[in-house]
Structures are given as structure tokens and as C-alpha cells.
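# Topology and contacts: notes
Listed here are the chains, written in short residue letters.
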Amino acid sequence: MIAPIPFQPDQMQSDRLELGVCYYPEQWPREKWQDDARRMKELGLSWVRVGEFAWAHMEPRPGDLRWEWLDEAIDVLGRAGLKVILGTPTAAPPKWLVDLYPDILPVDTKGTVRKFGARRHYCFSSRRYRQEAARIVEAMAKRYGTHPFVYAWQIDNEYGDHDTVYSYSKEAERAFRLWLAERYGTIDALNAAWGTNFWSMRYGAFEEIELPNNLVEEPSPTHLVDFIRFSSDQVKSFNGMQADLLRRHAPGRPVTHNFMSNNFDFDHYEVGADIDIASWDVYPMGGLLNGRLSDDNKARYLRTGDPDQTAFYHDLYRAVGRGRVWVMEQQPGPVNWASHNQAPADGMVRLWTWLAYAHGADMVSYFRWRQIHYAQEQFHSALLLPNGEPDQGYQEVAQVIAEIARLPAGARRKKAEVALVVDYPSRWASRALPQGRSYDATAIGLDWYAALSRYGIDVDIVGQHCDLDGYAAVFAPDLLIVDAVFVERLAQCGAKALFGPRSGSKTPNLQIPTSLPPGPLNALLDMQVVRVESLPEFHIESVLHGNETYPASVWRETIRTSEPVLASFSGEYRDGAPALVGNSKARYLAVVAQGDLLMKVIGDTLDWAGVARQPDLGDLRVSRRGPLHFAFNFGKVSAEVPAATEAVFHVGERILTPIGVAVWTE
Amino acid sequence: MIAPIPFQPDQMQSDRLELGVCYYPEQWPREKWQDDARRMKELGLSWVRVGEFAWAHMEPRPGDLRWEWLDEAIDVLGRAGLKVILGTPTAAPPKWLVDLYPDILPVDTKGTVRKFGARRHYCFSSRRYRQEAARIVEAMAKRYGTHPFVYAWQIDNEYGDHDTVYSYSKEAERAFRLWLAERYGTIDALNAAWGTNFWSMRYGAFEEIELPNNLVEEPSPTHLVDFIRFSSDQVKSFNGMQADLLRRHAPGRPVTHNFMSNNFDFDHYEVGADIDIASWDVYPMGGLLNGRLSDDNKARYLRTGDPDQTAFYHDLYRAVGRGRVWVMEQQPGPVNWASHNQAPADGMVRLWTWLAYAHGADMVSYFRWRQIHYAQEQFHSALLLPNGEPDQGYQEVAQVIAEIARLPAGARRKKAEVALVVDYPSRWASRALPQGRSYDATAIGLDWYAALSRYGIDVDIVGQHCDLDGYAAVFAPDLLIVDAVFVERLAQCGAKALFGPRSGSKTPNLQIPTSLPPGPLNALLDMQVVRVESLPEFHIESVLHGNETYPASVWRETIRTSEPVLASFSGEYRDGAPALVGNSKARYLAVVAQGDLLMKVIGDTLDWAGVARQPDLGDLRVSRRGPLHFAFNFGKVSAEVPAATEAVFHVGERILTPIGVAVWTE
Amino acid sequence: MIAPIPFQPDQMQSDRLELGVCYYPEQWPREKWQDDARRMKELGLSWVRVGEFAWAHMEPRPGDLRWEWLDEAIDVLGRAGLKVILGTPTAAPPKWLVDLYPDILPVDTKGTVRKFGARRHYCFSSRRYRQEAARIVEAMAKRYGTHPFVYAWQIDNEYGDHDTVYSYSKEAERAFRLWLAERYGTIDALNAAWGTNFWSMRYGAFEEIELPNNLVEEPSPTHLVDFIRFSSDQVKSFNGMQADLLRRHAPGRPVTHNFMSNNFDFDHYEVGADIDIASWDVYPMGGLLNGRLSDDNKARYLRTGDPDQTAFYHDLYRAVGRGRVWVMEQQPGPVNWASHNQAPADGMVRLWTWLAYAHGADMVSYFRWRQIHYAQEQFHSALLLPNGEPDQGYQEVAQVIAEIARLPAGARRKKAEVALVVDYPSRWASRALPQGRSYDATAIGLDWYAALSRYGIDVDIVGQHCDLDGYAAVFAPDLLIVDAVFVERLAQCGAKALFGPRSGSKTPNLQIPTSLPPGPLNALLDMQVVRVESLPEFHIESVLHGNETYPASVWRETIRTSEPVLASFSGEYRDGAPALVGNSKARYLAVVAQGDLLMKVIGDTLDWAGVARQPDLGDLRVSRRGPLHFAFNFGKVSAEVPAATEAVFHVGERILTPIGVAVWTE
């Protein structure tokens, strides 16, 4: 029997990659727990997450708290040598609770109450739910806060899943009014911000305000974006309430939340500020199908996933976690929830694990230990088949564990040379004012990231609040709302900057800047945007850059500027108009660039900023973590990794086969 | 004047095909009835259906029963020599009734009450509606049960049309709770079946259960499928209530219901068990447009319809009617309700009539006698134009009537060599757990049937309850839930069996079998399915079968087996993995086969089972009824029918022109 | 300072084109008004529209009427020499009003109340809203009715925008019942008209009738079309109420309403009968994207708009205004509300202005003066940028103003040789009975108009009530409901007539005529339609016309006739059946003709009627206004205009460059 590891702060953080798994003791007979724990440890796992959907087991009837099963489960897991991450169960209140207090339930955009029977059936604005959530979390925290086997806490589960950040309930309306009163102070200030002189929309009091659903036509964009901001703040305060309770009763134990990819419904930086480690749930197969690629490219990457999407979110959540990021759920095989659910290629579970480590994750936990044979996720694969036999993912985890030992310890990811700006309020701004069905900020941001990755560049994702010192280049693909302080810090740091179209085009109140767009960016660039247009899919613009002409679409701006013109539009409409302008500090792109044009512009910008780059890596991706160099082959043929001739390979080889991983030092 | 035919049991069933028509005396002036009846008889019709939408005429005000118009209509029709099928009017309760008792109205999935103004505006769970339906049916049955001209009864009309099997009303919720209490006995048993340990979904009492609509995310699949089963049982008991009343008051008169194609919302075998003859409504033009074929094939068969869909439903409803099947409504020309409403080719009304007879129908009734010039179906053609002139369909019916006399009498359809399993609970299982948007059990079942038909095979459709003795081959394209008794009977009979992917993959409670899929089929095949995946349209798998490679898509399974591998996957993912395995008794296909691969697998299976087959018949279809051989040409060029050289042709010739019908004996 | 122009009837109508602009003093600081007015006048504008969304400024609290700001604004504008069009503010009731009387709010088709927060948030049937609207309009009219600077009145704004003609409120239900009682007198008459003998739909009293939403299946088409007619009448009476008040208090000032393109939700002729000038809002960029053209053609005309759609609506609203038509809002650049919002080519604002004048408009007003920097329409361009600088549109307006002086004065549009029938009840008939998803009456009407335009023909659009004398040819593409009086007048006038399929196919109660279609047209043509079919996109019919075979689709009819057959169907289905029949007076087309077939049929008909035509003009369009000939080049290459050799060019030249305008006399 392996000795248990009671909580010790220095055990929290290994100097090597650690692995874990999600486990649901409440779903399996107690007689299996012991053996499961033993096999987890045998495989080489260090962490186990439990509890985050077990409220009905903790409190089967009002006030009837039952901890003995959880006591035993934690004991069994801890004694086996596993560090427990304990989840608060607030993502799924029990039926008796929503029956007692129906105003817990969220309301959808049509005004229909969303019923019990799945999960996330609560409204963040329900005062009653806040009380009840606090009650159960405090009870848990008191009981397990200093438990020797409980090493970390997860709050709730996947905020925003199933479109649950926004609730159109009476409770939300009430809270929204208070939030607006707080934000604006006077109703006149709100009228000015929302522009209610338009269409006779003027309000006489905060009590008159309603939620922006079921209108005759779209609401004021400021009305809409304020509702998004309010909803984001509700998530932050709900999460913060739990974090406070945990900090009080579980001192020294880090607190996390498991975020999702592809969700910009609330400001993750804001929620991240209240936790110790940002974790997220990695599902590249569904991510591919829901994502930005064409059907041809989806077919090409069907069993590997988008080569850049997963890395992007590692880098984003590293920023959200201020440097500390975990994978709380890693897809271990095919799952159940996407429009189609293809299997990953054999080897991808290993590849994704090393990809996470390369991008800064210190822990990767697989979802889940054993495939469950019932309920909604019975098609979700696991490390074990439903009958307990090891599945493909199990074998790959075993391989990773063997490989960990071959790497030098203590590698830490360094600050990158290149920063990419992701700004939640700007995302909300383009959502509230899309001005064209094809403008997709999420896709644009990923496209820029992917272009950087194809040049072999390590990227830090930053918000406007982040430190910019030391970056050679800052890329801002969709920074609609620019903070003047950010511009000043950018001006003062040494970085070159590339801005996408729409940058600086909106004030914080979602109005056009008095000086015309790009508003505060005029501190860097002498230019005005005097016309914008969004373009349908079937229309192609031409951009002349150097001696080449490139197709472009989606969005075009007309710029008036004294800055040098670096590329221009060609064609019958405003032939020769600037498409890319810039000076020695900053450049501005007047078009949504994709494909070859985007590669050209990004490559040029890197050269200009003096950032060394690889030639286009094709399906290969590279990343660095301290002294370690990583390469990943997402393609269908072998490829040579860009390693120095004297490189020492710890994992893999210079010629990397498909789905292969190489790790070397130089 | 032709002598009337008062009810005599031996008149019920002719030894030749009989024809009929649907007629609505309440829609025409009384002065037309006599002439209409005379012309029906003159044309050669034997049957006339009346009454199924006439409640407002039978009872214009609460309790004010008016039978005299119906007395007269039946009298006029009967005296003309026609046998009357009388319909109960419960598919369309009158306005005053739903105003008196608003809880009769059904509720849609969003929770909105579905209003009066069309038809089928009732909830099967409304206790009040059951009382009122019983009241009007009993009154009718008492009056006409032993009427000399009323030969048969139709209950209600087209259960399930307009998505009306499922109602989300308070009455349905109440009835669902009772049904669940009956099914499970204890709430713990329900919790176990639904897997409510997942996501904290545990229920404390049956009174806590709600209907599975408007949830935040999908419900437990068992919750959903139990609601489908409950709703199916509600249809059965509503129908059974009427059947009991009719049997009591109309002894000896057969009872039918007119089912629809393409509706699997309730278990038709279960409803069929309570009636004497299964009838159905044949609309191949809309069926084509709503159906499984590609747009290219829809264009090809635009004016003939899918060559297999109609035959499939004849065979299905022959099983539902335990051998007795009628066509209650046959499309006589273009209709009104599809997305587009093309005209059938001239000759198709005749072809469909003979197709019905070949597949076992004893009676074909056309919808309707005269095109109506008002209301929702005014574009629905009829045997007569709105002004009373014969339309195209009339001429074709006259031709059929002339041809009937040229055939030998007494032909009965024999048991086929080949059975195809259609199982309603399995259909519901894949609906509740689709696991991939492309998996369409209805299309898969039809594809398998069509492949058999293209080889000239007569097929019996069977449920798991049916007798399997005498079949040489049993095909189960989508039997997700396999009954152990069925497996045992299959094992004991002489048939070879081919199972499609997902067979045996779910227990009756929609859980994964403890032994892994294919669960009970392990009695026939030593194999386990260790991975399933659903695949998007743009991805193609390759299957190596014999020396040929075939494309495949939609669904792929990874199988572990000791059985011989008969075909395998080829390609970069799990190259060589089994795609078809089997032993001397059963084969299992690990992929959704379509096109050439499906033809190859079905053809091989027939050969293996020793079932003689034709070469691929292309657009020709054949069928046998007793000594009679039928061929139908759905193509655009003439084709030779597969008749013995000594064949005697009663209708048509060996070289069959497009839209042609040939009938011969050998 | 330019002298103010106090109201004088003879100043109302210039003998040259006048220009104007929409202005919102309530949205700008008072200190800007003076300068704005001065610059408007300086540019050469004559008209300014104000007030139509300012209720909250006129009455910020119940009964607290504030006119001083409007007094001042009108004074400033009038003193600058501008003629004011004053809008009633009823399109946007203030928040306090809908909070006081919630039954003002409209209800959508699902039964959901449509909330405050944008515009048009009122139900036309709300009795309370009628009172309140009358109150504010009367107050305005009393104050400004004889104001020396107020030259004209606009009622409300864009009836029908955001799908607001139809409201499913309790107030609407109540009013609908009264309207039905008025229309039918007895419930039996309604039952007969709606055909409630079908599906047991019979009503016992008007109080039983409900609105035709949320039914199980489609309602009786007569039920639906009566609701459309009722809703149309509600718009008419709401508008008429305001017109009456304005006439009483503002004698001699013309009253207008600004209609929209692409809206057939109410009978514009009926509303037009109550106003003095029909005006409309010209947005060709969004019109293109929402319109009838293929994606290829949308790409081709991306920055010019559909070359025929705008002209069509000029001609339609000229009919609605009984000869008097204004453009109240002209797109001055890219806007904000379409799926994409491309910029018009430079020169299009000028082109559209001259196009309007050529088609009979006497005044063109641009929307709007200065781009607003907040609220829903902040991306809507204007004559000035948000910072007050002139934008592209401003420059083009200046060019137009310079050109106006170069044209002879007093040109009036003459009656055309060709009339095209647009009939609202017929449009509603095909909406209520589409009988095929591809049948689009709006597209069909525009296609016919476009074919005439490509032959250089000036067209008058006419309703069935219009005078037909003097026309050489009358085209009726979709006249489903034909009035017998119209047929008689058509028979007596000298015009030749071409009818599209479905003509005369429905009685006013939406039933099939007793004599079969084309019903009343039998007075002109000896024929019956004995079969109709709608056809899916993927199926093509062939029509043999002369020696050529043409593709056709969408709709096909089978005709029985003694008239000469002018074109026939060819192919496997009913080969040789008539596709076009006719005699010396009228022709009937049995198919929806498009593309080459339509050009062939329209060209032949013009020749037959003796109307001189040009060869196909391609991307050139021509129009005549009195002695003035206009040509417009919508293409990408220069083209020669069809001017006589002796033509004198006042604007442009014989060889017209892309986006060019030529005006000449001959």
C-alpha cells in the first residue's frame, strides 16, 4: 500500500507534469472504489477530481446533509496516494430545491422557464440560489477545508455551458436595474450612454428598464452590451462568493474553475482574478466541428482536431490564470455531445497531453475514469470501458507517464516575444453591433493565432490590463474598444503593433468616437476610418501587397491617412485605397485578412518587429517550455522538426511521423 | 338500380382486389349524393368511407345529436351498392367542445397551447376528451353498429399527423407520472433506470417528475424514451377504448385505423393488435420529397416516387395488420401539403393500385371522390375535378377495374423467404441517443429494404414479437434494443441473420449492456463493440470487401472479436479493423453501409442464406402474390421483366414500358 | 441670411426636382441647429423632415407637453429657407405610455408580447393606443397645422417594418371578431366562406373565432387571408384617423406616409387613398441582398443594387400616390440593417436620385443629415460623417443640384403604353395558399417588370381599380383573384393582355371558381386549368416556343382550351401540352417563366401589342419623363444609350460609363 499524502503546500506543485482523472464515486458501488483508486495510482495518476455534481447525494432532502459517503470516497482515494480536487456541487441543484424555490430556474430568451432534468438549471441572479449555494459550499468547506487529502477546490462547473450566462428572469431584471443604477448613478447618464434620444427610447427611471429580449427590433446596442456586462458580473460575483468561503475555510488550498473553449459570454479575466489556477476542459473533436475551418479542412483534421484551437485556449487560460493553468478535463476518446462524434486518431490523447504541458499546463486530468453506462453521457469514452477494461486512452496515458521521467525537471514557460490581444468587452461589442453576418471575432482571433503558429511563434495572450513590457510585437485582431491607458502603455513599450479592422471603433458605451475610429489609436496612427462595409460571402475584394494580389472578404474600410500605405485595394471600387497603413510603431489593416493575405501580413509584421520565424510549418506545430522544445505533427505525412543540429531528443525523433510528438533540448 | 348489399360477413372479403373512395356528404348539397353514389358504383367501386371529420355535423351544439343527414347519406350510398366504412370523428372535436373544456387542447414542445382551427387538436391524455370521445363513439356505434350498409369502421384519422402524439400539457404530465409509477413501482427503480446519479438528477417522488421539454440541456435519454413510450401507450389506450366500444355495438364488423407513412412516433404493432385490419394512406409524391433520396434521385423519380418507400410501408402495415392491409387513401393526382406538389406521371395511380395489391392489400380506396373547392385541401386532386368532371385518376381507376377481371381470383400473398426487422423501441432509442446528426434509422431501414427489392426479393417486415419460422434470412438494420427471447427464437430457427451497427447496444432502459454491445447478441456472435463514432457528411471511410474498396460514412464501430472478419476498414485510422464479421449463423456490420457497399453486403448475405436473387433490377421492381407475378417499371426506358419463358401475361407484356405494370403466371 | 419661405400652396410643388434631408434636432445640441440649417440650404436642399420619432421629447411625462424645442427647431430650419415636413411620432410611443397601458404592445405569432426598446411597439388594434395617438397628433396638428414653415406632414413611419402589421393580441382578437361580423353579417356566411364543413371547423358564433396562430396545422386559407385583410384595414383606419386630424387642423398641407419596398403586408392602395402624396424609403443595397436575384447576380450588382427593383417601387408608389410620389429616405452610403452592408459604388447616390426623378418622383430626401454616433443605427451613413465633415453622399448631392439647373423645367411623366398589374389581395392569396415553396409572387412580379425594363419599356403599375384606357398592353403576372369589373374594363379597352399562371384561380373567398380557373377570365379566354403542380428547384421542365426549347420550373399547369396554342411543354410528362395559349385579346401562360423564356414571352407580347421596344438593353436602363430621356448604366463597361442621332445631351453623353447617368431631349 502506497502511503497517503496529507496536504502539504509543497506537494501542490510538482516540477514535472502531473496527471489526474475525474471520478464520480456516487455513480459506482462502494465496493469498486478501492480497486479504482488502486488502479489510478498504479497507472501513475496523481490527482483525482470528485464531487462537482453530487448535491443530491450530499443533501438528498432539505437540510439532511449526508457526508459519510464522501468521507469514505475521499479517504479511499487519499489513502491510495491521490491528491483530491473537490468540486462544489452548485452546477446542478437538486430537484427538491428548485421545487421549493422555483425562482432559482433560469429563463430563456423567449421568456420560457428552463426546467430541471439536466444541469446548470439556475439563474445567477436568483437571490435565493445565492443563499442556498453559499449554504452548501460553506458546509462542504467547513467539513473538508482542511482535510489532509483535499489539495484543491473546483468551484461549480463550466460556467456558460448550455447558454446559461444569460437569464431573462424577473430576478435578473431586478438585479439588472440595480446594476444599472450603480453603473450610471442617474437615469440621464443611462439615457446618454444608450442614446435614447434615438427612436423615443428615453427612460424616466431605472425601474422602467427591461431586459433586452423579445423586442420588436434590436435594442440599443448599449442596452444589449450592458446586459452582457451585467451577466458577466453576476458570474464573477457568484464565483467570488464561493471563492471567499473556500479561502476562509480551506486556507492555502488553491481554488480553480474549469472553463470551456469557445465561450466568450462572460469576462474570463475577471473571474480568473478571483481564483488561483485557471483550468479548462479540452475537447478538440467537437471543437473542430463547431469551429472556424472550412469543411475541407475539417475533413483533413478530422481525427486530430484544429492544430491551433487547443493551443490558443491553453495560452488564453494561462493569461486568465496569471500563469497557472491546468487541464481539468481532457477528452480521452470519442465523446457524445457534438453534432458528430468522431474518434481521435490513436496517439492524440498523448499528443494533447504534451501539447498542454508545452503551453504551460502543469496538470492534465482526463474526463473520466470509467465510461458510464447510463444517462446523457453514456457515449462519452473514458480511460476505462464501461466494463472496467482499459480503453485506448488508458494506454496513451501510460505512455505519457513513462515519457515524463525522460524529461529534465523544472521547465517553466517563459514570457513570449509576441502577444495577441483578446478583449472580452470588444467581443461583446462586435456581437452587439455585428454590422454583417460574416464578421466572426472568434474566428478572426483564431486565424491570427494560427498564422503566428504556422511561423513557429510562441504567443502570450494578453488582455488590455496585462503588462506589455518585453514584447517585440503585439497583435490586436479585433480590439473594438481600446482603453487609453493600454494605448499609452503600448506606446511606451518597445513593441511594434498590428491592429485589425474595427480597432478603436467604439467607446466603452458602444458609441462612435468623436474623432472617428480608430479613436484612441490616433495616439499611434494618424488616420481616420471614414467608411466601413461588411461584405457577403459571394463577393471577393482584391488587395495588392508587394507585387502580389490577394483575395479578401468579410469587411472593408475606407481610410484617410497621412501614414505610409503598405498595401492597397485594387478593383473597380475605390481602386488604390489603403488596405494596410502604418508607421514605425503601429500598423492598421483595413480588411479582414484570411489565408495567404493573412500569412503575408503576419509574416511581414514579424519581420518588421525583428521576431525570428520559421518558414510556414504546414501541419507541424512547435512550442517551447523553458529549455524544452516541443514539436507536434498534425499532418498525414512525416516531417522534419526545426531542431538545431546538436539537439538532444528526449521524446520522439527529428523526423516526426503523423500524430508524433518530439521533445528536445538544444 | 343495383340491389343494395346489406352486411354479410362473407361479403367483407372479396377474392379479388376491391376499390373504394373517400366521400364527405357533409361537404356537398344533398341533391348531389344520389348521383355521386350512382357514379361511384358505375365506375366499379365497392367501398366508400364517410364520417371521419363530421363531429360538428353530428353534434352541432352540446348534446344536440343530429343523425338524420348521416342516415340519409349511408342509405343513399348503401342502396347504390356500396359498402360503407364509417369513421369515428374524434380527430376533430368541434369548437364548442374545446371551448367548454380547454384542457382538451394539446400543448407543443415550447409549452404553447395548440389552438382550434385545423384538426387533431386534442391531447391524448385529456381525461375529459376521453370521456367525450367515448360518448360520441358510443352514440354512433349504437346507431350504426348493426346498420346493414355499414361494413367496417375506421377509428379516428392518421394518429400522429402534425406531430400530435406528444403533448406537453398538465394532463399529460399527470398521466405520465401515473404511468411511471405503474412502470417502476418505486422511485428508486426509476432513479436507477434513468441514471439520476448523474448530474444530481435524483427524484424523491413520482410527483416531482416533469415532462422532458424546455430543459437547459437534453434530458436523460431514458426520461425522454419513457415519455415516448408513455405517449405511444396513450395512443394505444385511446384507440383501444374506441375499438372496445365498436366491438360491443358493431359485432363482426372489422375495425381499422388509417396509419401514415414515415411516422414512428408510436408503436404501430401495439395499436395494430387492437384492430382487425391495418390500413394506411399512400402519398408517394410528398413521400419522395420528404424522403431519404439525394436531390439527383428525387429529380429522377420526381413523378413516380421512390420505387421502394411505398412498398416498404405496404409490407410494414401488413405486419401491423397481422396479414390484413388496406389502402384507405391513395393519392389520385397532385396534392397540397408537401413542400412542393408535383403531379404523378400518368399511369402512376394505376401502378400504385397494383403495387398495393401485389404487396398484400385487399382494398384500395382513393382520397377523394371530388376535389373540394374550399378550405385547406382545395389543391388536393380527386377522382373528379371540383366541377364533377372525371380527372386523370378516374380514368386510371377505370383501367384497373377492367384489369381486375383478367386476373385469376383468390391470390393470397405467401410468407416471404426474407424478413426485415422494424422495431419501434429501437427507433426511439436512436432518436433519444442519436450520437450523430447523420444517423437516420428510417433512412437506413429503407435503404436495406431497397437493396433487397433491387435484387427482386419479397420481404416480410417483422417485429421482435413475430414468428421467425421459415425465413431463410433475417435482416436487422437498426435493432438497438434486442429482446433475449427474440435472440433465442432466431437462434432456433433456420434463418441466417445480418445485423447493422448499433444492434444490441442498449438495454430496455437505454443503458449500455454490462457485457458491452451487442449485449444479448453475444448468444449468436462472439464480439464486443469497444468504440463507436458518428461521422460528418464530408468524411468518407473506406471498406475493403473482397477485392473492392467501397466508400462508407455516417457511423463506424471498433469491434473486438474471435469471429471471422469478412470485410475490413482500410486507411490511416485503424487500418484493417473489422467492418463485417460473422459466423455460420449471424453477421454484424460495423458501419452504416450505403450504395454499392450495401448492395454488396445484402447480395452476399442472400447468397449465403441460399435465397435466389435477380441481378440488380435497376428501376424495375417485382413482387409476388400467390401465383401472380408482378413487375413495375419506375424508370424512363422500357425493360424486360424477369419472367420465365413460358410465362402467361394477364396484364402488360414482357417488355415493360415506363410506368408500366405486368402481371403474369408461370 | 436667406429669407424664410412661409407656407404658400404654390411653393409646394416645384417645376424641377427638389431635394431634402431627414433631420433629428432632438439628437443634437441646440447650438448645432443653426449651422446645420445653414449648411443644408447652402448645399441646395429645399426640404427637411423632422419629428417622427420624438414623442418622448414632446411629452416626457404623461400630459407634460413640451413644444418649445420643436418650435425653435422649426423656426431655425424655416428661417434658413427650408420647407419642413413634420412627422407624427406614433411609430414610437414612449416608455411611460406603454407602462401605463400595456395592451398597447403588439404580440408576436407565438403569443409573446413584443417589448419596448426599439420602435413600432404598438398593436394597431389597441383602442387605448388609438386614443393616445389621436391625442398627440391632434395636439401637434393644432400647434403646427398652420405654421408658416410646415409645408407637409408625414404620418407615422414605415408601416409594416419589423413585421408589425400582424399582432396576435387580445385586442386584435376582439377587433377581428367585430370585423368578421361586419364582413359576413351571419356566422353561417362565415362558415360558408371559410369552408368550415371541412375538418369539423364549424363556428357557432363570431365570439368563438380566434386568431390564426399556434394551430396544430395550417388554418383555413380564408381564415388566414381574412386576418390579413383585417390587419390591412386596421392600418388603413389608423392612418385615416391621423389623416383626418391633420386635414382638419392643417388645411392645404399635403399628407404623406413613407412606405417601404418589399412589403405587401397591407394594401398600400387603400392607405394611399387617404393621403396626398405617396413617399417611400429607398435602400437598394439591402434590397439587393434580400431580393430575387441569384448569388451570381447579387455579386454582379453588389454596389449598384438590382437594376429594376428600385424603379419598380417608384412605379408602384406612383400608382399608390395617384401620380404623386416622393422619396422620403434615400440611402446615402452604406447602412446598418441588412445581413451585410456593402457600400454603393461612388456615383450611385446621384444615379438613384435621377432614377427617382425619371420615374416620377418630385422630391428626394436623404436619410440622414449627419451620421449618429450612438444607438441602433450608428453604422447608417449620412450626408455628413459623425464629426460633421461631408461624406461621399454630400458630394453627389451637390453634383445633382448643379445638374438640375441644366434640365428644362416642368417635365411631367406621361401615362405609359404598358401596365403591370400589382394586386394586394392576390399576393395574400398566394401567401395563404402557396402550394409550393418556390412560388414567390414578389419575385415573379419583379421578374416581369425587369424583362419589360430590359426592352426599354416605361411601365405604369396598376391595381384592378385603375383606369386602363390608353394602354396597349396589360401584364398580369400573379392576379389570382380577378374582379369581374376589371375583366369587363379590360375587355372594353384596347389593350392586349398577358396573364401568368394562377390568374383567376381563386374567388374573393379564396375558393376555386365553380367554372374552374381562370374563373372570370373565361370572358376573355376559352380555357380551363384542370391540374396545377408546384415543382422543386432541382427539376426542370422544357417549353417549346417557336423553334427553341427553354427551361422552366416552379409551377406548371395543365390547360384544356379551344384557343390557339402558342408554346407547349415537351418531355416525358404530357408532351405537347399547352404552355402558352391565347387569342387576339389575351394570352395565358401555364408556367412560371424566368430567364430566356420570360424574355421571349414578354418580347413577343410587346410585338403583338404593337409596343415599340429596344433590343435587350443588358445593364442599361432607360426611362422617360415628359420630353426628357434618361439612361442609367448599372454595368461594369461603357454602353451606348439608345438616343436619336439628333439628341441633345443635358447630362452625360451618348457613351455612358459605368454608374453613369445621361439625360437628353430628342
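Residues numbered from 1 in each chain as written. Chains lettered and ligands numbered in written order. Predicted model: local features only at pLDDT ≥ 70, side-chain atom pairs only at ≥ 80, totals over all residues. Heavy atoms only, no water.

## A look at the interface of chain A and chain B
- Taken together, the contact pairs 62 residues of chain A with 51 residues of chain B.
- Carbon and sulfur atoms supply 55% of the area that chain A and chain B bury against each other, a total of about 4900 Å² over both sides.
- For the interface between chain A and chain B, the tally reads 7 salt bridges.
- Between Glu533 of chain B and Arg303 of chain A there is a salt bridge, and its shortest N-O distance comes to 2.6 Å.
- Linking chain A to chain B there are 28 residue pairs in polar contact (both at pLDDT 80 or more).
- Each residue belonging to the side of chain A that touches chain B can be placed in one class, and the counts come to 26 nonpolar, 19 polar and 17 charged. (Contact = heavy atoms within 4.5 Å. Buried area = accessible area lost by both parts, 1.4 Å probe. Salt bridge = Lys/Arg side-chain N within 4 Å of Asp/Glu carboxyl O. Polar contact = N/O pair within 3.5 Å; in protein donor to acceptor, adjacent residues only side chain to side chain. Nonpolar A, V, L, I, M, F, W, Y, C, P; charged D, E, K, R; others polar.)

## Here we look at the environment of His223 of chain A
Residues and elements named next belong to chain A.
- In this structure, His223 sits in helix α8 (residues 221–249).
- As a C-alpha pair, His223 and Ile209 span 14 residues in sequence and 9.4 Å in three-dimensional space.
- Non-local contacts of His223, meaning those with residues more than four positions away in its chain, are made with Phe176, Trp194, Tyr203, Ile209, Glu210, Leu211 and Pro212.
- At 2.9 Å, the side chain of His223 and the backbone oxygen of Glu210 are in polar contact. (Helix = DSSP H or I, 4+ residues; strand = E, 2+ residues; numbered from the N terminus.)

## Section: the relation of the copies chain A and chain B
- Rotating chain A by 120 degrees about the axis while translating it 0.0 Å along that axis superimposes it on chain B, leaving an RMSD of 0.0 Å. Read as a symmetry element, the transformation amounts to a three-fold axis. (Least-squares fit on C-alpha atoms with pLDDT ≥ 70 in both.)

## Here's the deal with the sheet that holds strand β20 (residues 620–625) of chain B
Residue and element names in this part refer to chain B.
- Spatially, the 4 strands line up as an open sheet ordered β20-β21-β25-β23, and their pairing is antiparallel. For this open sheet the edge positions go to β20 and β23 (648–651), each flanked by a neighbour on one side alone. With strand direction ignored, the average angle separating the axes of adjacent strands in the sheet is 30 degrees.
- Bridge count between β20 and strand β21 (residues 628–633): 6 bridges; the pairing is antiparallel. Bridge pairing in β21 links Ser623 to Phe630.
- Across the sheet, helix α14 (residues 348–358) touches β20, β21, β23 and β25 (661–665), and the angle it forms with β21 is around 145 degrees. (Pairing = 2+ DSSP bridges. Axes fitted to C-alpha atoms, helices over the stretch in contact; angles between N-to-C directions.)

## Here we look at the UniProt feature "active site" (unreviewed entry) in chain A
Residue and element names in this part refer to chain A.
- In the numbering used here, UniProt assigns the "active site" (unreviewed entry) feature to Glu158 and Glu329. A stretch of 172 residues holds the annotated residues, and the largest C-alpha distance among them is 10.6 Å, short enough that they meet in one place.
- By the secondary structure assignment, Glu158 is in the loop between β4 (150–154) and α6 (170–184).
- Each residue touching Glu158, except ones within four places of it in the same chain, is listed here: Arg119, Arg120, His257, Asn258, Met260, Asp281 and Glu329.
- Tracing the sequence through the fold places Glu329 in strand β7 (residues 325–330).
- Ignoring any residue separated from it by four or fewer positions in sequence, one finds Glu329 in contact with Cys22, Arg49, Asn157, Glu158, Asn258, Trp280, Asp281, Val282, Tyr283, Ser365 and Phe367. (UniProt positions renumbered as here; feature names shortened; annotations may be inferred.)

## Points about the interface of chain C and chain A
- If you look at the interface, chain C gives 63 residues, while chain A gives 51 residues.
- Both faces combined, the contact of chain C with chain A buries some 4900 Å², and carbon together with sulfur accounts for 56% of it.
- The largest contributions to the chain C side of the interface with chain A come from Lys115, His340 and Phe379 of chain C, which together make up 16% of the buried area.
- Where chain C touches chain A, the interface holds 8 salt bridges.
- Here chain C is connected to chain A by 28 residue pairs in polar contact (both at pLDDT 80 or more).
- For the side of chain C that touches chain A, the secondary-structure elements that each account for two or more residues are α3 (55–58), α5 (95–100) and α12 (295–300) of chain C.
- By residue class, the composition of the side of chain C that touches chain A is 27 nonpolar, 19 polar and 17 charged.

## Observations concerning the UniProt feature "binding site: substrate" (unreviewed entry) in chain A
- Sequence positions flagged by UniProt for "binding site: substrate" (unreviewed entry) are, in local numbering, Arg119, Asn157 and Trp337 of chain A.
- Its place among the elements puts Arg119 of chain A in the loop between α4 (95–100) and α5 (127–144).
- Setting aside anything within four residues of it in sequence, one finds Arg119 of chain A in contact with Phe53, Ala91, Ala92, Asn157, Glu158, Asp161, His162 and Glu377 of chain A together with Trp199 and Val216 of chain B.
- When its relative accessible area of 38% is taken as the criterion, Trp337 of chain A is described as partly exposed.
- If we ignore the near neighbours within four places in the chain, the residues touching Trp337 of chain A are Tyr283, Gly286, Gly287 and Asn290 of chain A. (Buried < 20%, exposed > 50% of the residue type's maximum accessible area, 1.4 Å probe, protein only.)

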